[in-house]
Amino acid sequence: MTSETGLREKLAYNETFSCVQCGYCLPACPTYISFGKETHSPRGRINLVKMAAEGKISIHDMANPIDLCLGCRACETVCPTNVEYGKILSSAVDVLAEYRKKERSRKSRLMRSIILHHTLPNKKILKLIGQGLYVLQKTKMTTVLRKSNIMSAFPKAIESMEAITPEIVLPVKRKRKGNSEIRDKQLRIGFFPGCVMDTFFAHVNDLSIKLLESAGCEVITIQEQGCCGALQHHAGEKKQAISLAKQNIEAYEKYDFDYIVNAIGGCGAALIEYHLLFDSTDTWHSRAKKFVEKNKDISEVLSMLDLSFKKDIDKVVSYQPSCHLTNVQGVVEEPIQLLQRIPGITYVAMQQKDMCCGSAGIYNIVHHEESLLILDNKMKYVKKNVPDVIVTTNPGCHLQMLLGIKREGIQDKIKVVHLVELIAEACDVG
Amino acid sequence: MEKLREKIIEELIRALGDPSRILTEDFDLFSYSFDASFGVFKPDYVCQPLETAEVVSIIKLAGMYEIPVVARGTSTSLSGGPLPIKGGIVLDFSLWNTKLEIDPENLTAIVSPGVITADINEKADEFGLFYPPDPSSAHVSTIGGNLAENSGGPRGLKYGVTRDYVLGLEVVTAKGKVIRTGGSTVKNVTGFDLTNLIVGSEGTLGIITEAILRLIPKPVATKTAMVSFDDLVDSGRAISKVLRSGIMPSKMEIMDQHSIIAVEEHALLGLPTDVEAILLIELDGHPLALEKEMELVSNACMMVNARHVQVAKDDHEAAQFWRARKLVSPAIAKIKPTKISEDATVPRSKIPEMFQQLKRIREKYNLHLVVFGHAGDGNLHPNIIADARDKDEMRRAEKAVEEIFETAIRLGGTLSGEHGIGNMKSPFMEMELGKDGLHMMRLIKEAWDPQNILNPGKIFPEPGQGFELSHD
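Residues numbered from 1 in each chain as written. Chains lettered and ligands numbered in written order. Predicted model: local features only at pLDDT ≥ 70, side-chain atom pairs only at ≥ 80, totals over all residues. Heavy atoms only, no water.

- Among the UniProt annotations of chain B, the heading Cofactor (unreviewed entry) holds the following wording: "FAD".
- Regarding chain B, the UniProt comment filed under Sequence similarities (unreviewed entry) reads as follows: "Belongs to the FAD-binding oxidoreductase/transferase type 4 family." (UniProt positions renumbered as here; feature names shortened; annotations may be inferred.)

- Going by an unreviewed UniProt entry, chain A carries the name Glycolate oxidase iron-sulfur subunit and comes from Sporosarcina pasteurii.
- Under the Function (unreviewed entry) heading, UniProt states for chain A: "Component of a complex that catalyzes the oxidation of glycolate to glyoxylate."

Have a look at this one:
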């Protein structure tokens, strides 16, 4: 059906053969559970990629199921034959992006280019957006905007996201340069603040740094750090993702850090898979590998350190892990152990906690209706055992959980915080 | 043709009153074209019913236009049961999971066909009850699919298969009539046993829309031992020895040396790789009785030359033992991607001989053949590890599978212990049942479904049909 040559090479066709179609991935897949169609299961998607590679269906036929995958990769965690789903998915995303490039109108190409190539990688612009929101919030303009119904003119997605956008706090001034001559601290850490995170959740980054410092680490935020490239990669802009990765690898190679630490599941997942962007014979592959080995989630490093807790937090706390932290980085126990170390806390595991909340990068914006189906499914479990606090580790999940409790009308009962915020509170750091 | 298709789609939508549960796009149809066996067969329509009346309407429509109807749960089948090999309508029951009622007074569960099997046991557990059938796919597969295929699982040794826990069914016949078979009582000898006829009929006699299942009191505790053998044949003898010592283990699983090595290379669990077989034995019952019983099991194994019996000291260690068994699949999938999993079953006394024959077949066809499975009930899983892209290897695998079936039947065994027949094993049916035996089954099929619209092409071989693993 397709005349495109080399489609088999472009799609991860060989990897599809590892799938024995046992269906063990079905109960782990949020889109299968929420939409109720095999087409939206990992097994179904792998089959469609195989069919497309064999020319039995067109690239166009594969588009909708691939677009609607959250990329949470919970299927990889449960797969008994270790199918590399992430690889199959991203090959399909890349093929689709190439296919669509030809069709895309000039206008939408421009929007896409502005967001992916100029806004996200450009910290100055993001900071401006952040500051703009900050000014709006401080001057109560958002209330005026919300009341004026102007927001309803925006698409539904923007409207509901706007309603939960957190109060913007500008990041504090950070240490930009380390002194490699002096090593009096126990760990030297390069902090990776991210871009979206540092706009909407700069205070979480600030608290992370303070916590690390209070536990005796030297923390440096290097100026040369750039966007991690996760959203570009997910959107099929592989070239852009590779160039961003090279930039970061090069930047951190200049420093002698014990760890490179981030507090953002999504970025962390992109960072620890940098080596997969390069062919194993490429020198960049080994450079990436070295970078990857140093990358850690904040919860991994905090759990190695002595934290001095000063305050009891007498609350019932649930944890919504980010898929990227669980399924890609494999960081599962550390956040829960950290939570349980906080004095006074009652930790209650959320049923089906490993099921994605539907945020998934920009999924909740581009596939808003579908993301709400997934979110509503999640909230069924939250409501079974209403906690005082839901802890997240990723800005996407954080915003999505806020949206979820708002949709359920329980925003007065439940608070949503980043893991770091809660620990900082208990350690009286801030 | 296109006009007729549109008309049928229109009528299906009218029957369900909800277009979102009628799938007709190519990408959806291909998603319902496979199971966990081999072959891809695209249906023409997929319907997702949520109540009996909807099934009745669809069946009547199918009869009117003579369209095949194939019931499907989550398609974990290893024998081709839910494959729409003649096209037609796939009835996807996976959404119809709305009813799961436990009746603790009568020790029964009433379920709709789309309920996930493990959920039944989980719900029963809340009442201190137990639904024993536990196919490895229980956390994915639907009870409807388990009933249709008469699924088994590791606990089959002590507790039997799905059939042993079905008291009654609601079934939609090929004519669109709703009938009830059996009932809610444990004893029921009224008339023909249609319940037992329908369970395991793979959707060829009727469509199951509700089931009343028998539950039993939950065993209080379990205990596990890992027993290693220098000689595969001794491990076979240990099975009979244990059973004759008066102990009925809940599970008795075997891993041969090839499985052990594959697991050890995959995960480094510290398994002995120089032994020819490992038996995993689980006992369940009262903790005090278990202590004594485990001693007897140990002795029985040592008497037939076991090298070592290691009893798990707690649940955690037991879970570690079972991890080894669970890792067999991923470990062997690393060797080559295509897994041909068979479930030929022999009388228990013939297990040692079956092992020897499998070893011969492995060498004759030069294939990666590993053996693991539910040895306690003779239900072995010879698995051939191949690569679907290697045509020559697949041909050799086909020949080897044929020979495995022939051997099992020659030893007084059966084609299927728990996976069903589907289209994979139908060519061998006559070999096991004889001409007249199979004819008797055909007569029943023709009487129940004269138009042959219910899952056509399954169980009964088509003229000239051979055993095939690749269909393109």
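1. Overview of the overall build of chain B
Phase 1: If you tally the helices and strands in chain B, you get 15 helices and 18 strands.
Phase 2: Taken over C-alpha atoms, the radius of gyration comes to 23 Å for chain B, in line with the 23 Å a tight globule of 472 residues would show.
Phase 3: Along the three orthogonal principal directions, the C-alpha set of chain B runs to about 70 × 60 × 45 Å.
Phase 4: Here chain B holds 472 residues, and the buried ones make up 58% of them.
Phase 5: In chain B, the proportion of contacts linking residues at least 24 apart, taken out of those at least 6 apart, comes to 72%.
Phase 6: Approximately 19100 Å² of chain B is accessible, and the part contributed by carbon and sulfur atoms is 52%.
Phase 7: Each charge class in chain B was averaged separately, 51 positive and 67 negative side chains, and the resulting centres sit 2 Å apart. (Helix = DSSP H or I, 4+ residues; strand = E, 2+ residues; numbered from the N terminus. Rg over C-alpha atoms; globule rule 2.2 N^0.38 Å. Buried < 20%, exposed > 50% of the residue type's maximum accessible area, 1.4 Å probe, protein only. Contact = heavy atoms within 4.5 Å. Areas by Shrake-Rupley, 256 points an atom, 1.4 Å probe, with all protein chains shown as cover. Lys, Arg positive; Asp, Glu negative; His and termini not counted. Charge placed at Lys NZ, Arg CZ, Asp CG, Glu CD.)

2. With respect to the sheet that holds strand 2 (residues 217–220) of chain A
Residues and elements named next belong to chain A.
Phase 1: Reading across the sheet, the four strands line up as 2-1-3-4 and stay open at both edges, with parallel pairing between neighbours. Each edge of the open sheet carries a strand with a single partner, namely strand 2 and strand 4 (295–297). Mean inter-strand twist for the sheet, computed between neighbouring axes without regard to direction, equals 35°.
Phase 2: With four bridges joining them, strand 1 (residues 187–192) and strand 3 (residues 259–262) adopt parallel strand pairing. Within strand 3, the position partnered with glycine 190 by the bridge is isoleucine 260.
Phase 3: Packing against the sheet, helix 17 (residues 283–294) makes contact with strand 3 and strand 4, and its axis sits at approximately 30° to strand 4. (Pairing = 2+ DSSP bridges. Axes fitted to C-alpha atoms, helices over the stretch in contact; angles between N-to-C directions.)

3. A closer look at helix 14 (residues 391–410) of chain B
All names here are of chain B.
Phase 1: Taking 1.5 Å of rise per residue, 20 residues should cover 28 Å, and helix 14 covers 29 Å from first to last C-alpha, within 8% of that figure.
Phase 2: Among all positions of helix 14, only Glu393, Met394, Ala397, Glu398, Ala400, Val401, Glu403, Ile404, Phe405, Thr407, Ala408 and Ile409 are buried.
Phase 3: For helix 14, the secondary structure elements touched by its buried residues are strand 16 (338–341), helix 13 (351–365), strand 17 (368–374), strand 18 (379–386) and helix 15 (429–448).
Phase 4: Glycine 412, located one to two residues past helix 14, shows a positive phi value of around 85°. (Expected span 1.5 Å × (residues − 1).)

4. Thoughts on the UniProt feature "domain: FAD-binding PCMH-type" (unreviewed entry) in chain B
Phase 1: According to UniProt, the positions carrying the feature "domain: FAD-binding PCMH-type" (unreviewed entry) are residues 38–218 of chain B.
Phase 2: As a span, residues 38–218 of chain B carries 22% helix and 24% strand, and end to end its C-alpha atoms are 37 Å apart.

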